[in-house]
Amino acid sequence: MLRKFINRVFKRADAPVAREPSVIAFSSHGISRERISSGSRRVCEALAERGYKAYVVGGAVRDLLAQIAPKDFDVATDATPDEVRRCLRRSRLIGRRFQIVHAYMGQEVVEITTFRGALGEDAKTDAHGRVLRDNVFGSQAEDAARRDFTVNALYFDPATEQILDYHHGVADLKQKTLRVIGDPKTRYREDPVRMLRAIRLAVKLGLAIDPAARRPIREMADLLENVPAARLSDEIFKLLASGHAVECLRQLHAEGLHRGTLPLLDVVLRTPEGERFSMLALNDADARVRQGKSFAPCFLFAALLWREVGVIWRRVQETGEHPLPALHQAMNEILSAQGQKLAITRRVAGDIKEIWALQPRFEHRVGRRPYSVLEHPRFRAAYDFLCLRARSGEIDAALPVWWLAFQDADTDTRNQMLAALSPEGAKRRKRRRSRRGGKQANGAEGESAAADFAALPENE
Ligand code: ATP
Ligand code: MG
């Protein structure tokens, strides 16, 4: 009885609402209003002019403090979505349940969210405790408590250049700790995707996950199975495009989080060749992102799933099917299996298939066929994929070397290259070789193929 009473009076909210934030002045954090995007600054000004509170919030403030260029600048405000719309002419409402506003400021789209309220006792959850509805507005302090990590509950006011810090996020960032706001188990149950976010953000920012937040992950990993595919794929996509995909995947493995997120990747990484191929592709993707180059999800997904396609492709051919229809059957099987969990969009799936379907066509270098391969809109990605296969040791390097030369050659040279591959050309070469008495390395395309291959471009 007494314990019940004490519990009721002193019950710790799952994510404690800190009423008074620490106010950190410019002189101590050093982030001036010029450092935020002009779009988000103008949005905050427009809202403040009408008497609303408006702050740049979350990842952008965190990244600026950590000396990383923010990806985007989100705004949080006490204005309701309708009120926001009235302040900003070029804006529209997004989302059905919890409405947010997108404001179009020149080239920039600024996402504006109204402060979220605390989760009530009656918050709708699924059987595992995952919060399904999340649509009450609240105070700024409540909004801060609803965020996932202390380093993400920071609000920058462009007018005063102060940072409002509700959960000691600035100190955690200095101490290189990623800490969950509230009880980690409860917060993971509310939204299991937070476990993946913990890994991604810790790797991105070079933070150690606080032991209390790390410990429950292994036992709670299975909760990810109930997360809708679209949310999961959003997060996996961010992870793969982070420029730290290799390290993130390593940590997902270490924490037992890889199962259920990329089921086929799990299978792929179990075989050494699969691992080699995937790691090459992932390292390439990381290098590209870090150099500020574009990231093509279709290329990476195509690479991660290729081994599995190969297994089914061979199996279908063993039943007597011709190679091309067998390949199409294998592609469809893999994409529908992976698509269920990862919600690969139809467009990306189409691009992946084109990259795969061009692979056998690189081999058939007869008549006009190489020309139609060359003119294919996906030639570049498919050729990069061919190079990846060669680098992994799956195919002979001579094939991409031939295609590299063929791309750059003039018409006469191209015709000669094709003639050399015809049965007569092959016979002529054989005669020449036997006259010389020499041996050719690596198939028909030329002695220096393997050496030339060292100079092949990596996935440009
Ligand atoms: P990045 O932009 O580098 O991917 P981020 O932290 O900004 O990282 P976003 O998905 O842009 O990630 O989210 C913006 C903010 O919204 C976060 O900083 C955090 O405050 C809050 N947030 C995002 N996802 C969650 C979640 N699952 N639970 C609670 N708060 C979240
Ligand atoms: Mg962000």
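So, here's what we can say about the structure.

Definitions and limits used
- Residues numbered from 1 in each chain as written.
- Chains lettered and ligands numbered in written order.
- Predicted model: local features only at pLDDT ≥ 70, side-chain atom pairs only at ≥ 80, totals over all residues.
- Heavy atoms only, no water.
- Helix = DSSP H or I, 4+ residues; strand = E, 2+ residues; numbered from the N terminus.
- Buried < 20%, exposed > 50% of the residue type's maximum accessible area, 1.4 Å probe, protein only.
- Contact = heavy atoms within 4.5 Å.
- Areas by Shrake-Rupley, 256 points an atom, 1.4 Å probe, with all protein chains shown as cover.
- Pairing = 2+ DSSP bridges.
- Near = heavy atom within 4 Å.
- Polar contact = N/O pair within 3.5 Å; in protein donor to acceptor, adjacent residues only side chain to side chain.
- Nonpolar A, V, L, I, M, F, W, Y, C, P; charged D, E, K, R; others polar.
- Axes fitted to C-alpha atoms, helices over the stretch in contact; angles between N-to-C directions.
- Parallel < 35°, antiparallel > 145°, perpendicular 65-115°, else oblique.
- Left-handed = near helix turned anticlockwise from the far one by under 90°.
- Salt bridge = Lys/Arg side-chain N within 4 Å of Asp/Glu carboxyl O.

**Examining the overall build of the chain**
For the chain, the helix and strand inventory stands at 24 helices and ten strands. Counting only residues that meet the buried cut, the chain has 48% of its 460 residues in that class. Long-range contacts, defined as pairs at least 24 residues apart, comprise 67% of the intrachain contacts of the chain with a sequence gap of at least 6. Put simply, the chain shows about 23600 Å² of open surface, and 49% of that area lies on carbon and sulfur atoms.

**A short note on the pairing of strand β7 (residues 154–157)**
Side chains Leu154 and Phe156 project from β7 onto one buried face, and the interleaved Tyr155 and Asp157 project onto a second face that is buried too. The pairing of strand β2 (residues 54–57) with β7 spans two bridges and is antiparallel. What sits directly across from Val56, in β7, is Phe156. Summarising the sheet, β7 and strand β8 (residues 162–165) pair through four bridges and their orientation is antiparallel. Directly across from Leu154, in β8, lies its bridge partner Asp165. Taken together, β7 and the strand that follows it, β8, pair antiparallel across an intervening segment of four residues, in which Glu161 is found at a positive phi of about 60 degrees.

**With respect to the site of ligand 1**
Residues in contact with ligand 1 amount to 17 residues; listed here are only the nearest, Arg62, Lys71, Asp191, Lys204 and Lys238. Between ligand 1 and the protein, one listed contact pairs a nitrogen atom with a backbone N or O atom of Asp148 at 3.2 Å. Within the backbone of Asn152, one N or O atom sits 3.2 Å away from an oxygen atom of ligand 1. Coverage of ligand 1 by the protein chains reaches 84% of its 590 Å² of free accessible surface. For the shell around ligand 1, the element with the most residues is helix α9 (residues 193–205), which contributes five residues. Of the residues in the shell around ligand 1, the class split is one nonpolar, three polar and 13 charged.

**Details of the side chain of Glu235**
Within the fold, Glu235 resides in helix α12 (residues 229–240). According to the relative accessible area criterion, Glu235 is buried, its value standing at 4%. The residues touching Glu235, leaving out its near neighbours within four places in the chain, are Val193, Leu196, Arg197 and Arg200.

**Here's the deal with the sheet that holds strand β3 (residues 74–77)**
Spatially, the eight strands line up as an open sheet ordered β1-β8-β7-β2-β3-β6-β5-β4, and their pairing is mixed. Every other strand in the sheet has two partners, leaving β1 (22–24) and β4 (91–94) as the edge strands with one partner each. Strand-to-strand, the axes of this sheet are offset by a mean angle of 30 degrees, without reference to chain direction. Pairing of β3 with strand β6 (residues 108–114), which is carried by three bridges, proceeds in the parallel orientation. Note on β6: the bridge partner recorded for Thr77 is Thr114.

**Brief notes about the packing of α9 against helix α13 (residues 245–254)**
Where α9 contacts α13, the two axes come as close as 9 Å, and the packing angle between them is 135 degrees. It follows that α9 is oblique to α13 by the angle criterion. Between α9 and α13 the crossing geometry is right-handed. Taken together, the residues of α13 that come into contact with α9 (itself represented by Leu196, Ile199, Arg200 and Val203) are Glu247, Cys248, Gln251 and Leu252.

**Side note on the pattern of salt bridges**
Counted according to the given criterion, the structure contains 21 salt bridges. Here Glu161 and Arg33 are joined by a salt bridge, their closest N and O atoms 3.7 Å apart. Within this pair, whereas Glu161 is found in the loop between β7 and β8, its partner Arg33 is found in the loop between α2 (26–29) and α3 (38–49), the two being separated by 128 residues in sequence. On the basis of relative accessibility, which here comes to 28%, the residue Arg33 falls in the partly exposed class. Among the salt bridges present, the one from Arg197 reaches Asp148, with a minimum N-O distance of 2.6 Å. Taken together, the positions of Arg197 in helix α9 and Asp148 in the loop between α6 (140–146) and β7 put the pair 49 residues apart, joining distant regions of the chain.

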